[in-house]
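Residues per chain, in single letters:
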Amino acid sequence: MEKIIIDTDIGIDDAFALRLGMLKQDLVGITTVAGNVTADMATRNAKLFCQHYGLNVPICKGATRPLMEEPCEPITDVHGDDGLGGFYHEYFDSTTERNAVDFIISMAKAHPQELTLVAIGPLTNVALALNLCPELAKLLKRLVIMGGAFGHHGHSGNMSNFAEFNINCDPEAAAQVFASSLPTVIVPLDVTYEVLISGEEIAAVGDEFLTNISKHYLQFSFEEEGFYGMAVHDALTIVYLCHPELFTAKEGAVRVSLNGITRGQTMQNPSTMPVPDDCFKGYPAKQVLVDVEVNSVKDFIFRALKGA
Ligand code: BDR
Ligand code: CA
């Protein structure tokens, strides 16, 4: 088990990641960020989640907007008005005692080389933490993020033809994180879109909260794609922590496009020979997951959610 903080913009697949994280890893805190929903709503959702599952960990609100742009529009068609399918109506105050960035830094200092940061929303909090405390790159054990798309298996973007949502929300933050020496594993659409879960499979798990919040997403996907199922993107970060052998990783520097029609595109150095104008020069290697054992991952998710 690894000590983890989950940094999240709690939408539906984030809730699956949180549930797996609390069951299978040592989840020591939840930090929130604007993305699928506002940071206020993400914080409310974290409180709702913790109350529902009786989870008692610090919840710390983070960035309310990306580093340079206006906040992205909440993804209500996929995640519902509140990010959790609009099923639960309880009110929770969105203030928190501690700020997300301070919490991440102080926990990393308290547990040097032991803490893994799992970032499943835009990378704004992570970039802010690295800016405030550059030694974070050495203090954290590693960073595991859900984000990006590299074109493997035909998955190149879900917001634009080139850009994945989390990276697209705050490309500047992603660029800073990928330029840092922080050991990083990237779990992109290339693998997450390969693992599709049907509504029947979710219902069979018997988790009332996850079943209820998924209804909106499942309905959306049925209307859009004719498939009553979904990708639980963020959950694959936790599966990776538990079973890295179920994935194939490619090592190499990663950059993010900040301009034009490719803004938000993630790229890993494709060159197999030295080139005179090497735009990845000086960028540290990251691990990008490019292949996944689909059935084994699904088996693990279902068994874990059933408490096995
Ligand atoms: C990512 O975008 C969000 O909508 C999901 O929660 C996930 O983190 C997938 O592109
Ligand atoms: Ca997310």
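Structure: see above.
Since we're looking at a predicted model, the values are computed, not measured.

Enquirer: Tell me about the state of the cysteines, and name the residues and values.
Expert: One pass over the structure, following the stated rule, counts zero disulfides. The closest cysteine sulfur to the non-disulfide-bonded Cys60 is located on Cys50, 11 Å from its own sulfur. Among the residues examined, Cys60 registers a relative accessible area of 1% and is labelled buried.

Enquirer: I'd like a rundown of the site of ligand 1, residues and numbers included.
Expert: The full set close to ligand 1 counts 13 residues, and Asp13, Asn36, Asn158, Glu164 and Asp234 are the nearest of them. Every element with two or more residues in the shell around ligand 1 is listed here: α1 (12-24) and α7 (165-169). Here the shell around ligand 1 is built from residues that sort into four nonpolar, five polar and four charged.

Enquirer: Let's hear about the pattern of salt bridges: which residues, and what values?
Expert: Applying the stated criterion to the full structure yields 10 salt bridges. Two residues, Arg65 and Glu70, come together in a salt bridge whose shortest N-O distance is 3.8 Å. What you see here is one network of salt bridges that share partners, running through Glu2, Lys141 and Arg142.

Enquirer: Help me get a handle on the coordination of the calcium ion (ligand 2), residues and values and all.
Expert: Taken together, Asp9 (OD), Asp14 (OD), Asp14 (OD), Ile120 (O) and Asp234 (OD) make up the full set of protein donors to the calcium ion (ligand 2), lying 2.3 to 2.7 Å away. Classification of Asp14 as buried rests on a relative accessible area of 0%. Residue Asp234 is classed as buried on the basis of its relative accessible area of 2%.

About the cut-offs
- Residues numbered from 1 in each chain as written.
- Chains lettered and ligands numbered in written order.
- Predicted model: local features only at pLDDT ≥ 70, side-chain atom pairs only at ≥ 80, totals over all residues.
- Heavy atoms only, no water.
- Disulfide = S-S within 2.5 Å.
- Buried < 20%, exposed > 50% of the residue type's maximum accessible area, 1.4 Å probe, protein only.
- Near = heavy atom within 4 Å.
- Helix = DSSP H or I, 4+ residues; strand = E, 2+ residues; numbered from the N terminus.
- Nonpolar A, V, L, I, M, F, W, Y, C, P; charged D, E, K, R; others polar.
- Salt bridge = Lys/Arg side-chain N within 4 Å of Asp/Glu carboxyl O.
- Donors = N, O, S within 2.8 Å, 3.2 Å for Na, K, Ca; no water.

What is shown is where atoms sit, not what they do.
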